[in-house]
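# Structural overview
Below, each chain spelled out in residue letters.
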Amino acid sequence: MDLHSLFELATGSLAQGDLIGAERGFLELLALQPGNAQIRYPLGVTLAHQGRTAEALDMISAAAASRPDDPDILLDYGVVLRESGRFDEALAAFDHALAVQPGNADLVKLRGDTLVSLKRADEALVCYDQILAFRPNTAMLQHCRGNALRALGRHDEAVASFDRALALEPDFTPALYDRGTSLAARHRIAEWFAGFEGFFNRWKAAETWSAVGHEPPPPHKAQHGAEQAAYLQEARIAVSGKRPHIEGGARISGPAINSANALAAGAAWRDNRPQIVVIDNLLTAEALDAMRRYCWGSAMWRDAYDPGYIGAFPESGFAAPLLAQIVEEFRTVFSDICGDHALKYIWGFKYDSSLEGIGIHADAAAVNVNFWITPDEANLDPQSGGLVVWDRAAPLDWDFDKFNRDEDAIRDFLSKSGAQSMTIPYRANRAVIFDSDLFHQTDTIRFKPGYCNRRINVTLLYGERDPEKLS
C-alpha cells in the first residue's frame, strides 16, 4: 500500500473513532517518514484522545515547531498543554493561533477557559462575552460565562448566566451544579434545592429510572427496594406507577434545629483540638419525625456501594424543602461553627443491618456535619454503630482521590504519625461535627433487621479546605 493510501486509512480510522487502528496506521507511516509533521500531528491527536497526554504532547509539539503558523496544530497543541496543566504555555499557543486566525470562536473560548485556570477570570469574561455577542443562544458559553463570574465572586450575575444556560438546555447538568454553588455562596439553599427538584422531576417524567435494559441491582440494594415496597404498602402510601415516589419533605412550620446546644457547641468548637463536637437532640421532635418519614418513604436511594450501603443525593431526589430548612437553620444556629461557610454538598446514606459502612477517608470541605436519625431501639450495641474519627488531618499535598479513597496510604500515614482515634457511639438525633480534613469512618454496624431499623445518616459539608490551616 502506498503512503497516501496508508494516510487515508489512518485518518479514516481516526474520524470513525477507531483510535487503536489510527495509532497503528500513523506509527507505520512514521516509521517510514520519521520527521514528517503531517504524520506526527494526527498521531498526537490520536494519543490525546486516548488520554496519553505526555506522548501526545511530544508528537504535537514537534509538528508545531515545523509548522508554527498552522492554527489547527496550535489549537490542539494548546489543548494538550492545558490537559498537562501547563496553562501559561497553552495560553501562548492560543494567542499565537489567534494572531494567525483572529476571531476564531473555538480559540477564543479555549483562551477563556485557560484564563479561568490561571485565575484570571476577569480576562476570561471578556473572551466569553466576545463570543456570546454573536452566539447568545449557546448553553455551553453561558455556562462558561457563569463560571467566570462565579470565580470573581459575582454570584448573582453567575446565577443569571447559569439560568440562561439551563433555559437553553434544561438537562445541562454542569450548569445545574455550578448554579447551586453560586446560590450556596449567597446562602440561597431553598433555590438551589428547588433546581435539583426540577431536574429530578424531569428525570421522573422521562422514566429514566426504569430498570429495563440495565444490570440488576446488587443484592443489598435489591433487598432495600423490596423492604421499602413492603413498608409503603403496609403504611398505605400510594405510589404512582413506575415513577419514583417522594414522601413528604415539606418545610415544617416550627424550627427544625434545636438551638439549646448552640452556645456550648460553639465554645467546644473554638477550644477543642482537634475540632470535634458532639451534639445530642440536634433536630426538633417535629423535624426528626418528618425526616424519618421522608427517608423511609422516598424512592431516592439509587447509588449502591460494595460494602453494603446505599446513597441518596440532591440530583436523585434528596433535595426536599425540609432539607433546605435544616441546612439554613443549622448555619444560623451554629454560626460560631459555620461562620460564613457556604453549604458545599449534602447526601444521605442507608446501611444494611450487619454489612459494612464507609471506609476510612477525609472530605474536601471545612466543616463536616454527620447526624443520625434511626431510633435507638434499632441499634443492638449502644457502644458502637457511630463514627470513628482520628486526630490527624489529610496532608495538604494529597489530592481528593488519595485522601478519600486510598485506604492503604491513609492507614500507613496514620500509623507513622502516631494518630489516635476517637469513637463516638451511635445515638438517634446525634450530630458529630468535625474538621472535614480529619480522617474518619463508620464504626461497626450491628442493627436489628427490618426496614425502619436501617441506620440512616445525613451529611452536610460546609466551606472549603483551608490550606493555611494545614501548612
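So, a few notes on the structure that sits alongside this text.

Scoring rules and cut-offs
Residues numbered from 1 in each chain as written. Predicted model: local features only at pLDDT ≥ 70, side-chain atom pairs only at ≥ 80, totals over all residues. Heavy atoms only, no water. Helix = DSSP H or I, 4+ residues; strand = E, 2+ residues; numbered from the N terminus. Buried < 20%, exposed > 50% of the residue type's maximum accessible area, 1.4 Å probe, protein only. Polar contact = N/O pair within 3.5 Å; in protein donor to acceptor, adjacent residues only side chain to side chain. Contact = heavy atoms within 4.5 Å. Pairing = 2+ DSSP bridges. Axes fitted to C-alpha atoms, helices over the stretch in contact; angles between N-to-C directions. Core = buried A, V, L, I, M, F, W, Y, C linked by side-chain atoms within 4.5 Å. Salt bridge = Lys/Arg side-chain N within 4 Å of Asp/Glu carboxyl O.

## Overview of the side chain of Arg-454
Structurally, Arg-454 can be placed in the loop between strand S9 (438-442) and strand S10 (456-462). Arg-454 sits in the buried class, given a relative accessible area of 4%. Reaching out from Arg-454, the side chain makes a polar contact with the side chain of Glu-227 at a distance of 2.9 Å. Among residues more than four places away in sequence, those in contact with Arg-454 are His-220, Gln-223, His-224, Glu-227, Tyr-351, Asp-352 and Thr-374.

## What about the sheet that holds strand S6 (residues 387-393)?
Strand order in the open sheet formed by 3 strands is S7-S6-S9, with antiparallel pairing between adjacent strands. Sheet topology places strand S7 (421-424) and S9 at the edges, where each strand pairs with a single neighbour. Averaged over all pairs of adjacent strands, the angle between their axes in this sheet comes to 20°, without regard to strand direction. Contacts between helix H19 (residues 407-416) and the sheet are confined to S6 and S9, with S6 contributing the most and set at about 65° to the helix.

## As for the nonpolar core
With 114 residues, the main nonpolar core has Phe-193, Met-291 and Phe-371 as its most contacted residues. Excluding residues that lie within four positions of it along the chain, Phe-371 makes contacts with Leu-282, Leu-283, Ile-326, Arg-430, Ala-431, Ile-456, Asn-457, Val-458 and Leu-460. By size, the runner-up hydrophobic cluster in this structure holds 21 residues, among which are Tyr-345, Trp-347, Trp-372 and Phe-447.

## Regarding the pattern of salt bridges
All told, the structure shown has 24 salt bridges when counted by the stated rule. Of the charged contacts in the structure, one is a salt bridge between Arg-111 and Asp-95, with a shortest N-O distance of 2.5 Å. Separated by 16 residues along the polypeptide, Arg-111 in helix H7 (residues 105-117) and Asp-95 in helix H6 (residues 87-100) bring together distant segments of the chain. Note on Asp-95: relative accessible area 32%, which makes it partly exposed. Beyond isolated ion pairs, a larger network of salt bridges with shared partners links Asp-156, Arg-186, Arg-188 and Glu-191.

## Considering unusual backbone geometry
Of note, the amide linkage connecting Arg-273 to Pro-274 takes the cis form, showing an omega dihedral of 5°. Looking at the secondary structure, you find Pro-274 in the loop between helix H14 (262-271) and strand S1 (276-279). Positive phi values are uncommon outside glycine, yet Lys-119 reaches one of about 60°. Note on Lys-119: relative accessible area 76%, which makes it exposed. Even without being glycine, Asn-429 reaches a positive phi, approximately 70°. The residue Asn-429 is located in the loop between S7 and strand S8 (431-435) in this model. Residue classification places Asn-429 among the buried residues on the basis of a relative accessible area of 5%.

## Describing the sheet that holds S10
With respect to topology, 7 strands assemble into an open sheet ordered S1-S8-S5-S10-S4-S3-S2, the strand pairing being antiparallel. The two strands at the open ends of the sheet, each matched to only one other strand, are S1 and strand S2 (303-304). Relative to S10, strand S5 (residues 367-372) runs antiparallel, the two being bridged by 6 bridges. Across the sheet, the residue bridging to Val-367 is Tyr-462, located in S10. Helix H13 (residues 219-234) rests against S2, strand S3 (309-312) and strand S4 (343-351) of the sheet, and its axis sits at about 65° to S3.

Don't take any of this as a statement about function, it's just geometry.
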